[in-house]
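An overview of the molecular structure
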Number of protein chains: 2
Amino acid sequence: MQRGIIELSSRPSILSAATVVGKKEMDGPLARCFDKYDETDTFGMPTWEQSESEMQRIALNTAIDKGGFKIHDIDAIFAGDLINQCTSSGYGLANFDAQFFGLFGACSTMAESLVLASMLIDSGKYSRCAAVTSSHNCSAERQFRFPIEYGGQRPPTAQWTVTGAAALIVGEHSGAPYITEVLPGRVTDKGITDNANMGAAMAPAAADTLKRYFDESGTKPQDFDTIFTGDLGFEGSGILGELLMSEGYDISGVHKDCGLMIYERERQDVHAGGSGCGCSGCVLAGHILPEITAGKLGRILFVATGAMMNTASLQQGLTIPGIAHLVCIEGDRADG
Amino acid sequence: MQRGIIELSSRPSILSAATVVGKKEMDGPLARCFDKYDETDTFGMPTWEQSESEMQRIALNTAIDKGGFKIHDIDAIFAGDLINQCTSSGYGLANFDAQFFGLFGACSTMAESLVLASMLIDSGKYSRCAAVTSSHNCSAERQFRFPIEYGGQRPPTAQWTVTGAAALIVGEHSGAPYITEVLPGRVTDKGITDNANMGAAMAPAAADTLKRYFDESGTKPQDFDTIFTGDLGFEGSGILGELLMSEGYDISGVHKDCGLMIYERERQDVHAGGSGCGCSGCVLAGHILPEITAGKLGRILFVATGAMMNTASLQQGLTIPGIAHLVCIEGDRADG
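Residues numbered from 1 in each chain as written. Chains lettered and ligands numbered in written order. Predicted model: local features only at pLDDT ≥ 70, side-chain atom pairs only at ≥ 80, totals over all residues. Heavy atoms only, no water.

Notes on the overall build of chain A
Within chain A one finds 10 helices and 14 strands. Relative to the 2.2 N^0.38 estimate, which gives 20 Å for 336 residues, the radius of gyration of chain A is 18 Å and therefore close to what a compact globule would have. Each principal axis of the C-alpha distribution contributes one length, and for chain A these read about 50 × 50 × 40 Å. Sorting the 336 residues of chain A into buried and exposed places 67% on the buried side. Counting contacts in chain A only where the partners sit at least 6 residues apart, residues at least 24 apart contribute 79% of the total. Of the roughly 10900 Å² that chain A leaves accessible, carbon and sulfur atoms contribute 48%. For chain A, the distance from the average site of its 25 positive side-chain charges to the average site of its 41 negative ones is 2 Å. (Helix = DSSP H or I, 4+ residues; strand = E, 2+ residues; numbered from the N terminus. Rg over C-alpha atoms; globule rule 2.2 N^0.38 Å. Buried < 20%, exposed > 50% of the residue type's maximum accessible area, 1.4 Å probe, protein only. Contact = heavy atoms within 4.5 Å. Areas by Shrake-Rupley, 256 points an atom, 1.4 Å probe, with all protein chains shown as cover. Lys, Arg positive; Asp, Glu negative; His and termini not counted. Charge placed at Lys NZ, Arg CZ, Asp CG, Glu CD.)

Here's what the structure looks like:
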């Protein structure tokens, strides 16, 4: 019998979190949530790829600093990103003197790293771990689609890759916010081939994970203050709602999508919303966790989704597999 | 104080292992060790990328089958590969009904997946996990260098990417071979920029991990029947020996490199030896583990190394960071 939900009885805490974003994110509704930004999006580096690495470096440094830690307080780093061979993480975190687990979960990376880090902390293998991820609009666009200078037309279902990096320090329990349960995702492929509609490709993975979670835990969506998905955008969020409704779970009223929170969709011309590892990572670190700490949210699900294709697989006509990892994060609601 | 070596007191066992290789590997000295191969290297698929995915699918199927398991006996799969966005794993393992952790550790992937899987089994979070990886000469060559049809000249320090996939099933203790200790790697960058000399880029990472292991455990190289490194090749193996000698550890006599074992270097014209995630994965699964089961090896270190660059980072003049994860695997030596 396969194990599903893993209960973390020691309730590992998220001890510190930091975010680094670009200009467009600072023009959005969550601007006041972010720690650092660079008006030029370059972070002082000569290439967009190096800018993204630099954002990870700054994010981890800031998270360590905000928590009052030193690098030697961190047992291991769990990190990944969208760039080929995850070089934003490899280069960005190379000079930290810490053990390193490279992950690839596409835009689900922040949840994947939290699942692994919190299980290993709960088991006593580690005391304190970092979870780090990033995306950069310019490095992602030129790798997956076209250089931005090309000015390619984007269809309405397309999402806007967030320029952002997030770093969390997870450790033994010491108050809210803390992680109580995790549920890793399964690779789910429902036949979507349109790389300008990642939301549709990832929604079935989110539905699979959430259905498994509700079925096994006996909970219903309304048992949570909010169910946050990572970057389904406008298109994918609608599909997720329909898929879960057909399974008997109504998430309307409790569902929010990080891709629809980070930008003002119409005014900022981001089409179906934000995406990229940095999107759900920054919304979690900059907005959701502080709301839990402040007692405004009591128990939430964080379900980050990833699309696991590459340019070659799409050119070869393959469909887009998705994955969604789930983390249940809790605090003490101010209103009881 | 950062944790280093993690001792696995329950000694998780490697319950089953399977390998799938190509024609060149079947022409090498370890031919009799491999489970499945395809004379055409295509595995019936229309593109090299899909061939590599298919190899992972066959390898995992075979490992499950050899162990007498069903997919529902597997709690989670840990998998990764060299292809952009790790699509060999994403597509190859999409149809297995199991939770999935995508990893990126370049050629260190098999060790990284064993480190994570065995820690989670030792802690009781999981009962049984799969560790899967692959590489394919033709998909790797055209992604990282040139399509093979181009016939580019390769320098003597270049390694030959192995066409191979390996899958291991790790579970609760039930005899040899079993995992007793793990030590994750740190990202190590000593300034190598030559992408035709990966051995030199990765050797410092292997030296860092082994030095940390010997220092902390109080062991010396001669306490192990063999120290297997993953794919340093001829060039990198020499550098590793020198680096460790300068730290007071003499590995000559006990060190073997998977990249130097899988091919007959001169006759098969592979220059500095084999490489790719599939190299150390297949040598471990096909050769090392059976030797432990047979009592010919008692206690070994498996140290798989990865180079964490991509084509863009090299074109931009960056150096090549390396990483090396260590797994101590034991059995009962026939001679005592």
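Text resumes after the structure shown.
So, the state of the cysteines
All names here are of chain A. This model, assessed by the stated rule, comprises zero disulfides over all chains. In this structure Cys138 is not part of a disulfide, and its nearest cysteine sulfur, from Cys282, lies 15 Å away. With relative accessibility at 7%, the residue Cys138 sits in the buried group. (Disulfide = S-S within 2.5 Å.)

Things to note about the interface of chain B and chain A
Listed per partner, the contact involves 64 residues of chain B and 64 residues of chain A. With both chains or domains summed, chain B and chain A bury close to 5300 Å², and 53% of this area falls on carbon and sulfur atoms. Broken down residue by residue, the surface that chain B buries against chain A is led by Arg3, Gln85 and Tyr91 of chain B, which jointly contribute 15%. Seen at the junction of chain B and chain A, the total is four salt bridges. If you look at where chain B meets chain A, you find 48 residue pairs in polar contact (both at pLDDT 80 or more). Broken down by secondary-structure element, the contributors of at least two residues to the side of chain B that touches chain A are strand E1 (6-7), helix H2 (48-66), helix H3 (87-92), strand E5 (99-102), helix H4 (109-122), helix H5 (137-144) and strand E14 (322-330) of chain B. Among the elements that line the side of chain B that touches chain A, the one with the most residues is H4 of chain B, at six residues. Taken together, the residues of the side of chain B that touches chain A sort by class into 31 nonpolar, 21 polar and 12 charged. (Buried area = accessible area lost by both parts, 1.4 Å probe. Salt bridge = Lys/Arg side-chain N within 4 Å of Asp/Glu carboxyl O. Polar contact = N/O pair within 3.5 Å; in protein donor to acceptor, adjacent residues only side chain to side chain. Nonpolar A, V, L, I, M, F, W, Y, C, P; charged D, E, K, R; others polar.)

Quick word on helix H6 (residues 198-217) of chain A
Residue and element names in this part refer to chain A. Between its first and last C-alpha atoms H6 spans 29 Å; for 20 residues at 1.5 Å apiece the expected length is 28 Å, and the two agree. H6 sits mainly inside the fold: 16 of its 20 residues count as buried. Backbone geometry just downstream of H6 places Gly218 in the positive-phi region, at approximately 75°. (Expected span 1.5 Å × (residues − 1).)

Comments concerning the relation of the copies chain B and chain A
Of the two same-sequence chains, chain B is brought onto chain A (RMSD 0.0 Å, axial shift 0.0 Å) by a rotation of 180°. Here the symmetry operator amounts to a two-fold rotation axis. Across chain B, the rotation axis passes nearest the C-alpha of Leu103 of chain B, at a separation of 2.0 Å. The fraction of interface residues of chain B whose copies in chain A are also interface residues reaches 100%, indicating that both copies meet through the same surface. (Least-squares fit on C-alpha atoms with pLDDT ≥ 70 in both.)

Overview of the pattern of salt bridges
For the coordinates displayed, the defined rule picks out 30 salt bridges over all chains. Close ionic contact of Lys296 of chain A with Glu291 of chain A constitutes a salt bridge, the shortest N to O distance being 3.9 Å. When the shortest N-O distance is used, the salt bridge between Arg267 of chain B and Glu264 of chain B registers 3.3 Å. Residue classification places Glu264 of chain B among the partly exposed residues on the basis of a relative accessible area of 39%. Within the structure, one salt-bridge network assembled from shared partners comprises Asp97 of chain A together with Arg186, Asp208 and Arg212 of chain B.

Focus: helix H7 (residues 233-245) of chain B
All names here are of chain B. Over its 13 residues, H7 extends 18 Å from the first C-alpha to the last, a length consistent with the 18 Å expected when each residue adds 1.5 Å. Burial in H7 covers these residues: Gly233, Gly236, Ser237, Leu240 and Leu244. Along the long axis of H7, the arc covered by the buried residues comes to 105°, so they all point the same way. (Arc of directions from axis to C-beta.)

Digging into the packing of aromatic side chains
By the definition in use, this model includes 11 aromatic pairs over all chains. Judged by centre distance (6.1 Å) and plane angle (70°), the ring pair of Tyr213 of chain A and Phe214 of chain A falls under edge-to-face. Taken as a pair, Tyr213 of chain A and Phe214 of chain A share a single burial class, namely buried. Note on Phe146 of chain B and Tyr150 of chain B: the rings are 4.6 Å apart at their centroids and 25° apart in plane angle, and the pair reads as stacked. Directly above the aromatic system of Tyr178 of chain B lies the positively charged group of Arg11 of chain B, at a separation of 5.0 Å from the ring centroid. Of note, Arg265 of chain B hangs over the ring of Phe234 of chain B, and the distance from its end group to the ring centre comes to 4.2 Å. (Phe/Tyr/Trp six-rings, centres within 6.5 Å; stacked < 30°, edge-to-face > 60°. Lys NZ or Arg CZ within 6 Å of the ring centre and 35° of its normal.)

Quick word on unusual backbone geometry
All names here are of chain A. A cis amide bond links Ala176 with the next residue in sequence, Pro177, at an omega value of -5°. Considering the arrangement of structural elements, one finds Pro177 in the loop between strand E8 (164-171) and strand E9 (178-183). Of note, Phe43 is a non-glycine position whose phi angle comes to about 55°, a positive value. Note on placement: Phe43 falls in the loop between strand E3 (36-37) and helix H2 (48-66). On the basis of relative accessible area, Phe43 is assigned to the buried category, the value being 10%. Even without being a glycine, Asp231 presents a positive backbone phi close to 75°. Position of Asp231 among the secondary structure elements: in the loop between strand E10 (226-230) and helix H7 (233-245).

Some points on the environment of Cys277 of chain B
Relative to the assigned elements, Cys277 of chain B resides in helix H9 (residues 277-293). Expressed as a C-alpha distance, the spacing of Cys277 of chain B and Thr161 of chain B, which sit 116 residues apart in the sequence, is 8.4 Å.

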